[in-house]
Amino acid sequence: MLELNYIRENADEVAKRLAIKNIDATKTLENIIGIDARRRETQKELDDNLAEANAIARQIGDLFKSGKAAEAGELKARTAELKVAAKALSEKLDTLTLEQNNLLVQLPNVPHASVPVGKTPEDNEIVYSEGDMPRLYDGAVPHWDLASKYDIIDFELGNKVTGAGFPFYKGKGARLQRALINFFLDNAIEAGYTEIQPPLVVNEASGYGTGQLPDKDGQMYFCEVDKLYLIPTAEVPITNIYRDVIVKAADFPIKNVAYSNCFRREAGSYGKDVRGLNRLHQFDKVEIVQVQHPDKSYETLEEMRNYVASLLRKLELPFRILKLCGGDMSFTSALTYDFEVFSAAQQRWLEVSSVSNFESFQSNRMKLRFKDENGKTTLCHTLNGSALALPRIVASLLENNQTAEGIRIPAALAKYTGFDLIH
RNA sequence: GGAGAGAUGGCCGAGUGGUCGAAGGCGCACGCCUGGAAAGUGUGUAUAUGCCAAAAGCGUAUCAUGGGUUCGAAUCCCAUUCUCUCCGCCA
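Model, not experiment: these values are computed from the prediction. (Residues numbered from 1 in each chain as written. Chains lettered and ligands numbered in written order. Predicted model: local features only at pLDDT ≥ 70, side-chain atom pairs only at ≥ 80, totals over all residues. Heavy atoms only, no water.)

A. Up close: the sheet that holds strand 1 (residues 125–130). Pairing within the open sheet is mixed, and its 8 strands lie in the order 1-11-12-13-16-10-9-4. The two strands at the open ends of the sheet, each matched to only one other strand, are strand 1 and strand 4 (194–196). Strand after strand, the sheet turns through a mean of 25° between neighbouring axes, direction not considered. Bridging between strand 11 (residues 319–323) and strand 12 (residues 335–343) involves 5 bridges; their strand directions are antiparallel. By the bridge assignment, Lys323 is partnered in strand 12 with Tyr337. Packing of helix 10 (residues 297–314) onto the sheet brings it into contact with strand 1, strand 9 (254–263), strand 10 (282–292), strand 11, strand 12, strand 13 (348–359) and strand 16 (381–389), and relative to strand 16 it is tilted by some 5°. (Pairing = 2+ DSSP bridges. Helix = DSSP H or I, 4+ residues; strand = E, 2+ residues; numbered from the N terminus. Axes fitted to C-alpha atoms, helices over the stretch in contact; angles between N-to-C directions. Contact = heavy atoms within 4.5 Å.)

Dropping the structure here:
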């Protein structure tokens, strides 16, 4: 959620920058500012009303104490009037606040000044690439064929037991999963992150805190009886640790890492995008989350970007980094780097990680603050990134490393799997 | 799931209708003391929001959450949530 004061003072700037996300917010911004004026006016009236009522209550108290209770009648009559007025004002204030909030919540984060203009993924800017395109042998096939050939991932069984998008990992497939999780966690710990195991379901307030709600309601699995959401990413519970918290400036940067299952309904997806491991309803991901001083968040974004690159390098996967254009960015992000690995067998780039700076957008919703140098309570910046999501990494590893003898496991990972070939 | 007890500031803990945003203690910050430290001692120490250009200041709200009674609620009533104890069930 954007900060109200910021909107009020920079409405034109906000509109201009939201246009980069292809959103015409002029009208909404006008509305917000208009409602805000009325809201503050109402607040003032209500406060004055309550102040008078409080003063009278004190007077009555004094009268009672000095044995002049009889004189209180007139004052009581006045408070009755005030009470009626206060009730109306308070309802008006609630309505205005709610209206304003509903509008604020609809506004996406403003993109960073460096975000390229664009509408589709084709407009993303390639800022870096590394590694040679893999050359595959003649018998190379996509990972879903490899999965059944070596009996390591069973999509059919998933269909039977649960439904599409919930595969079983078997034998070396399962061990590969476990190895990757440990590999990613160990690397993160090495890089200074604290490992956390979060709950996999969260309440509504947490969904709002990180911005999944109300924007992505319908993309999360929801348990009706208990009003709980299955997490689409560990970002949600991990970031919400800091909801309604004032952290110490000395604690910056706060670095947490969490492995979790992720659950996504992916309503509306179809075709080659969902084939095999490309898009699942349940998948594994190691997520890194940082809370940082606003002055340092972009430095931190670069640090996280370099960290993710180092993982792909160790896995010997050729990759490129994209700076997302306005149209392809998420609702909550101010600047996002996507990492893509080339899948030679599918002849397409697969997104394996997304690293974002949310600036104060999440903090504002969550009321995550710190005391700055002047003792002023200020919103923190939050960042996160996948490091990494497993399915497409597995897809790339299987496809790019296939040989006539079997699938070769990169050395850094073989230490974790306990085998260097799937055959 | 059943029965009972409870929820107060960063923490502990007092407060059962009137000047309570809340005693006292701990912690923390700053000062004094000290060669330095400890001890001692003094002062300060919530959040949100409104007025104000801003600071200061003042108003308002907040004692789990939401409603209610009352001129006045941390205190009384109702609902919800959560915690603890006992019973049941169970990895």
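B. A look at the protein's contact with RNA strand B. Taken together, 21 residues lie near RNA strand B, and Arg39, Asp47, Ala57, Lys65 and Lys371 sit nearest. Here, RNA strand B places atoms within 4 Å of the protein, and 70% of those atoms are sugar or phosphate. The contact in question runs from a phosphate oxygen of RNA strand B to an N or O atom on the side chain of Asn54, over 3.2 Å. Mapped onto the surface near RNA strand B, the elements with two or more residues apiece are helix 3 (26–65), helix 4 (73–106) and strand 14 (369–371). It is helix 3 that provides the largest number of residues to the surface near RNA strand B, a total of 13 residues. (Near = heavy atom within 4 Å. Polar contact = N/O pair within 3.5 Å; in protein donor to acceptor, adjacent residues only side chain to side chain.)

C. Examining unusual backbone geometry more closely. Looking along the chain, the bond that leaves Phe252 and enters Pro253 is cis, with omega of -10°. Along the polypeptide, Pro253 turns up in the loop between strand 8 (246–247) and strand 9. For the peptide bond that leads from Ala387 to Leu388, omega is -5°, which places it in the cis range. Along the chain, Leu388 turns up in strand 16. The backbone of Asp244 shows a phi angle near 60°, a positive value even though the residue is not glycine. Residue placement: Asp244 occurs in the loop between helix 9 (235–240) and strand 8. If you check the backbone angles, Gln347 has positive phi at about 55° while not being a glycine. By the element assignment, Gln347 lies in the loop between strand 12 and strand 13.

D. Expanded view of helix 7 (residues 172–190). Between the first and last C-alpha of helix 7 there are 26 Å, a value that for 19 residues agrees with the 27 Å anticipated at 1.5 Å per step. For helix 7, the full list of buried residues reads Gly173, Leu176, Gln177, Ala179, Leu180, Ile181, Phe183, Phe184, Leu185, Asn187 and Ala188. Note on helix 7: the residue one or two positions beyond its end, Gly192, has a positive phi of about 100°. (Expected span 1.5 Å × (residues − 1). Buried < 20%, exposed > 50% of the residue type's maximum accessible area, 1.4 Å probe, protein only.)

Geometric descriptors of this kind do not, in isolation, establish any biological role.
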